[in-house]
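# Working through the structure, step by step
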Amino acid sequence: MSWIALRCGRRIARGVLHLIAAYFVLFAPAARRASTRYLGRIFGRPPRWRELYAHVFCFAATILDRVYFLRRHTDWLELTLHGHDTVLQALDEGRGAFLMGAHVGSFEALRAAAAHEQTDKRIAMVMYPDNARKINAALAAIAPDAVPDIIALGRPESMLQIRDRLAEGVLIGILADRALQAESPRAQFVRLPFLGTEAVFSDAPFRLADLLRQRIVFMVGLYLGGPRYEVRFEPLADFSARPADAAEREARIRAALAAYVARLESLCREQPYNWFNFHDFWREDAH
């Protein structure tokens, strides 16, 4: 697909993408089941086949466009940017910022927004080592000079690397909508209402922001179809001031997590095909 995308152009590559999306709708039962449950909660009824297909195709389209974003072939792109002043203000104050996102839309669209604004601000993604190895290998094959700055969690030096990047004026990006088992010992798994049913979220990213006294900006790069993307930044929480006691700290962390989940739910209802969790998110198959 990378070869087709770069040799034949985006229009032909997207034509091939329709066949790929149809294949996965038909022959990936676990992903189809997860999509069916999610879209059922969004629509309040069982989703139709064309809706399942639209969900898979939206995901596939953002993956294809990553090839163009990484190779900086974006003459086709129609990009809308909202709220970037929030990030610039945090950086101008020398405080750094956490960009808290989710598996919604395209994170690479955020890089395109930075290029569009001609800013030199760098972004480091925080994730677990297995994910980092897979992503680095895949992106290096497509664009060796565009491999993102990734900080692997679960290592003794991880916290120091995050602190140092913030001191250098680097934005720290975290996708916080997956509660992984290898969390920090201090982290808690919290059940919160999400699309009408309780789901498990981790407060680890918010505890990290609290520990480093950072503000959190919610980020998302929505795919709106065709060549259109919309990048949004919205203030979510500010942990720069130290709370009076432990109880106040816990309440502040819980409030930030609840605000994040509410924002994610609002986005899912606004752009239902942009949330890409094709797994048992509500743990209905856990038994």
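Presented here is an overview of the structure given in this document. (Residues numbered from 1 in each chain as written. Predicted model: local features only at pLDDT ≥ 70, side-chain atom pairs only at ≥ 80, totals over all residues. Heavy atoms only, no water.)

This brings us to the overall build of the protein. Summing up its helical and strand segments, the protein has 10 helices and nine strands in all. Its C-alpha atoms give the protein a radius of gyration of 19 Å, near enough to 19 Å, the size a compact globule of 287 residues would have. Each principal axis of the C-alpha distribution contributes one length, and for the protein these read about 55 × 45 × 35 Å. Of all 287 residues assigned to the protein, the portion counted as buried reaches 48%. Restricting to contacts in the protein with at least 6 residues of sequence separation, those with at least 24 account for 72%. Taken as two groups, the 38 positive and 32 negative side-chain charges of the protein have centres that lie 5 Å from each other. (Helix = DSSP H or I, 4+ residues; strand = E, 2+ residues; numbered from the N terminus. Rg over C-alpha atoms; globule rule 2.2 N^0.38 Å. Buried < 20%, exposed > 50% of the residue type's maximum accessible area, 1.4 Å probe, protein only. Contact = heavy atoms within 4.5 Å. Lys, Arg positive; Asp, Glu negative; His and termini not counted. Charge placed at Lys NZ, Arg CZ, Asp CG, Glu CD.)

This next bit is on the pairing of strand 7 (residues 197–202). Sheet analysis places strand 6 (residues 189–194) next to strand 7, joined by six bridges and oriented antiparallel. Residue pairing in the sheet places phenylalanine 189 in a bridge with serine 202 of strand 7. Hairpin connection from strand 6 to strand 7: two residues lie between these consecutive antiparallel strands, with leucine 195 at a positive phi of about 55°. (Pairing = 2+ DSSP bridges.)

According to the stated counting rule, one finds 20 salt bridges in the structure shown. A salt bridge links arginine 242 to aspartate 210; the shortest N-O distance between them is 3.8 Å. Of this pair, arginine 242 sits in the loop between strand 9 (228–238) and helix 10 (246–270) while aspartate 210 sits in helix 9 (residues 204–211), and the two are 32 residues apart along the sequence. Residue arginine 242 is classed as partly exposed on the basis of its relative accessible area, which comes to 39%. Assessed through its relative accessible area of 0%, aspartate 210 is described here as buried. Here the salt bridges do not stand alone but share partners, grouping Arg33, Arg37, Arg41, Asp280, Glu284 and Asp285 into one network. (Salt bridge = Lys/Arg side-chain N within 4 Å of Asp/Glu carboxyl O.)

What follows deals with helix 4 (residues 49–71). If you check helix 4, its first and last C-alpha atoms are 34 Å apart, about what 23 residues at 1.5 Å a residue would give, namely 33 Å. Where helix 4 terminates, the next one or two residues include arginine 72, which has phi positive at roughly 60°. (Expected span 1.5 Å × (residues − 1).)

Spatially, the seven strands line up as an open sheet ordered 1-9-8-2-5-3-4, and their pairing is mixed. Of all strands in the sheet, those bounded by a partner on one side alone are strand 1 (78–82) and strand 4 (149–152). Pairs of neighbouring strands in the sheet enclose a mean axial angle of 30°, with direction left out of account. Bridging between strand 2 (residues 98–101) and strand 5 (residues 171–175) involves four bridges; their strand directions are parallel. Bridge assignment links phenylalanine 98 to a residue of strand 5, and that residue is isoleucine 172. The sheet contacts of helix 8 (residues 158–167) involve strand 2, strand 3 (123–127), strand 4 and strand 5, and relative to strand 4 the element is tilted by about 145°. (Axes fitted to C-alpha atoms, helices over the stretch in contact; angles between N-to-C directions.)

With that out of the way, let us pick up the state of the cysteines. Here the structure, examined in full by the defined rule, presents zero disulfides. With no disulfide of its own, cysteine 58 has cysteine 268 as its nearest cysteine by sulfur position, at a separation of 12 Å. On the basis of relative accessible area, cysteine 58 is assigned to the buried category, the value being 7%. (Disulfide = S-S within 2.5 Å.)

The next thing to look at is the nonpolar core. In this structure, Phe98, Phe194 and Tyr260 are the most contacted members of the largest nonpolar core, which totals 45 residues. In terms of residues, this core owes the most to one element, helix 10, which gives eight residues. Leaving out residues up to four positions away in the same chain, phenylalanine 98 has contacts with Ile162, Leu166, Ile172, Ile174, Leu208, Ala209, Leu212, Gln214, Arg215, Ile216 and Val217. One finds Ile142, Ala143, Val217 and Phe278 within the second-largest nonpolar core, a separate group that totals 43 residues. (Core = buried A, V, L, I, M, F, W, Y, C linked by side-chain atoms within 4.5 Å.)

For leucine 195, which is not glycine, the phi torsion reads 55° and is therefore positive. Within the secondary structure layout, leucine 195 lies in the loop between strand 6 and strand 7. Since its relative accessible area comes to 3%, leucine 195 is described here as buried. A positive phi is found at arginine 213, a non-glycine position, where the angle reads about 55°. Along the polypeptide, arginine 213 turns up in the loop between helix 9 and strand 8 (215–223).

What follows is about the packing of helix 2 (residues 10–27) against helix 4. Running from amino to carboxyl end, helix 2 crosses helix 4 at an angle of 135°, the nearest separation of the two axes being 9 Å. Considered as vectors, helix 2 and helix 4 are oriented oblique to each other. Of the two possible hands of crossing, helix 2 and helix 4 adopt the one that is right-handed. Residues Arg10, Ala13, Arg14, Leu17, His18, Ala21, Ala22, Phe24, Val25 and Leu26 of helix 2 pack against Trp49, Leu52, Tyr53, Val56, Phe57, Ala60, Ala61, Leu64, Asp65 and Tyr68 of helix 4. Partitioning the contact of helix 2 with helix 4 into residue classes produces 16 nonpolar, one polar and three charged. (Parallel < 35°, antiparallel > 145°, perpendicular 65-115°, else oblique. Left-handed = near helix turned anticlockwise from the far one by under 90°. Nonpolar A, V, L, I, M, F, W, Y, C, P; charged D, E, K, R; others polar.)

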